[in-house]
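# Structural features, examined
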Amino acid sequence: MTRRLVDTGLPGWLDIGSYGRYGPGRRDRLSSAQVAFIASTVRRAPEVMIKMLNQGGRDLGSVARHLKYLDRDGELAIETDDGDPLKGKGVSKALLDDWDLELDAKRPPTADHKPREAGKQPKLVHKMIFSMPAGTSPDKVLAAVKDFAREEFGAKHRYAMVLHTDEPHPHVHVVVKAMGYDGARLNIRKGTLREWRRQFAQHLREHGVAANATERAARGVTKPQKQDGIYRAERRRDSTHWRQRTAAVAREITPDGEIKPEPGKAELLETRYRIVCGWNAIADDLARQGQADLAQEVRQFVTQLPPVRTEREWIRDRMLEQTRRGERAQFVDRWKQDALASWQVFRAQQQASEHARLRELEHARQQSLERTGKRSRTHRDDRTR
């Protein structure tokens, strides 16, 4: 079975990557929900984000520290699955005791309680972040996360959440107990996150917030995400990861700034070709259904898709940009050096003039002393005679 390059929904939903290929299951008309999804995508509706925090969560100490960070050591309220907000000192410890995480930590490994990597304890909790771009109402984001958690984890897993507004984008931290009421562990896969994003976006729209959940490829995004390792390494210029990547790219880059594409570039180009064909087929169907304006927006959206770039090409562009910045920095440094040299010359001239004036004063003082001495000797000689 051929793997689908782009998955934008469950079977029967709108798969843009495969929409342009005619088949027996192809619909004759787009539903109203699909038209709304297309409109929100081409009009660049804010994309929801669900981020998994994979570090920690395997021992009581890390879970307790995370909960204390979430409630700011008792300053913020923790919303739980019980519906009662908890606030104050010692709330995080009380929550751990209520969840019986100490028993889960001591539970011997079983078939459904086995860690993926040897030597690691299975996770006691799953930590995730639900966020929206800056300007979104924090209260509505929290309400949407509450609705999502109630439908997804209610009567299955214990969970708690805290709203943070200390950054421009409102986000909600959610902690879910890995072991469910029935003894089954929560297993989160990539497909699970895709479905959660769609549900989260739906809850936001129900609260009057424009939100969308589409695949990056459907929006034409091919560059690495900000949370990817290459972005983190680029921020830490002294990291071995960044030096190795940039050194490898620097060896392959030509004087014209070209670089041999990676093997994955062909797959990215094939994905982009299918995406473009799918969007064009959608535009044709919208035009046949009388949605001429939206069809025109779809075609314009296709023409504005960014170019396909692999990781090495992205590093190449960053290196060239930094080189240009380096040239500007060198120009500024040369200007500063020239200004410093001019100031030093001016200062030297001032010091030379000052020294010359002091020498003239000293010379005049010496002449005055000599004249005074001559007059004293003459007067003394006259008195002697």
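See above for the structure.
Every value quoted in this text rests on a predicted model; they were computed, and no experiment measured them. (Residues numbered from 1 in each chain as written. Predicted model: local features only at pLDDT ≥ 70, side-chain atom pairs only at ≥ 80, totals over all residues. Heavy atoms only, no water.)

## Things to note about the packing of helix H3 (residues 60-70) against helix H4 (residues 91-99)
Note the following rule: The convention used is that axes are lines fitted to C-alpha atoms, helices contributing only their stretch in contact, and that angles between N-to-C directions extend from 0 to 180 degrees. Helical segments are the DSSP runs of H or I of at least four residues, strand segments are the runs of E of at least two, and each set is numbered from the N terminus. Between 65 and 115 degrees an angle is taken as roughly perpendicular, under 35 as roughly parallel, over 145 as roughly antiparallel, and anywhere else as oblique. Left-handed is the label given to a crossing in which the near helix is rotated counterclockwise from the far helix by less than a right angle, and right-handed is the label when the rotation is clockwise. We call two residues in contact when some of their heavy atoms are within 4.5 Å.
Where H3 contacts H4, the two axes come as close as 9 Å, and the packing angle between them is 135°. Judged by the inter-axis angle, H3 sits oblique to H4. When the axes of H3 and H4 are compared, the crossing they make is right-handed. Touching Leu60, Val63, Ala64, Leu67 and Lys68 of H3 are Ser92, Leu95 and Leu96, all from H4.

## Let's talk about the nonpolar core
We count it as follows: Definition used in this section: a nonpolar core is a set of buried Ala, Val, Leu, Ile, Met, Phe, Trp, Tyr and Cys residues joined via side-chain atoms within 4.5 Å. Relative accessibility decides the category of a residue: with a 1.4 Å probe and only protein chains considered, values under 20% of the type maximum give buried, values over 50% give exposed, and everything between is partly exposed.
Residues Phe200 and Leu204 are the most contacted members of the largest nonpolar core, which totals 28 residues. Where this core is concerned, the elements lending two or more residues are strand E1 (49-53), strand E3 (125-131), helix H6 (138-153), strand E4 (159-164), strand E5 (171-177) and helix H7 (190-206). Residues contacting leucine 204, with those up to four places away along its chain left out, are Val48, Met132, Lys140, Val141, Ala144, Val209 and Ala211. Counting 22 residues, the second largest nonpolar core, distinct from the first, contains Tyr19, Ala39, Ile282 and Leu294.

## Regarding H6
Keep this limit in mind: Given the number of residues in a helix, its expected span is that number minus one, multiplied by 1.5 Å.
Spanning 16 residues, H6 covers 22 Å between terminal C-alpha atoms, matching the ideal 22 Å at 1.5 Å per step. Of the residues making up H6, those classed as buried are Val141, Leu142, Ala144, Val145, Asp147, Phe148, Ala149 and Phe153. The elements touched by buried residues of H6 are E3, E4, E5 and H7. Where H6 ends, the next residue or the one after it, alanine 155, has phi of about 60°, a positive value.

## So, the pairing of E5
What counts, and what does not: Two strands make a pair as long as DSSP finds a minimum of two bridges between them.
For E5, the buried fraction is high: 7 of the 7 residues fall into the buried class. Side chains of E5 alternate between two faces, with His171, His173, Val175 and Lys177 and Val172, Val174 and Val176 buried alike. Bridging between E3 and E5 involves 7 bridges; their strand directions are antiparallel. Counted as the bridge partner of isoleucine 129 is histidine 173 from E5.

## Points about the packing of aromatic side chains
Spelled out, the test is: Any two of the Phe, Tyr and Trp rings considered here, Trp counted by its six-membered ring, make a pair once their centres fall within 6.5 Å; the pair's planes then place it as stacked at under 30 degrees, edge-to-face at over 60, or tilted in between. Comment: the charge-over-ring label is applied if NZ (Lys) or CZ (Arg) is within 6 Å of the ring centre and within 35 degrees of the ring normal.
Following the criterion strictly, the structure yields 7 aromatic pairs and no others. Ring geometry for phenylalanine 153 against tyrosine 159: centres 6.2 Å apart, planes inclined by 50°, an arrangement best described as tilted. In this structure an aromatic cluster arises from ring pairing among Phe130, Phe148, Phe153, Tyr159, Trp196 and Phe200. One residue, arginine 72, lies across the ring of tyrosine 69, its end atom 4.7 Å from the ring centre.

## Section: the environment of valine 35
Locating valine 35 in the fold gives a position in helix H2 (residues 32-42). Separated by 21 residues in the primary sequence, valine 35 and leucine 14 place their C-alpha atoms 9.8 Å from one another. Dropping the residues within four chain positions of it, valine 35 is found in contact with Leu30, Leu286 and Leu294.

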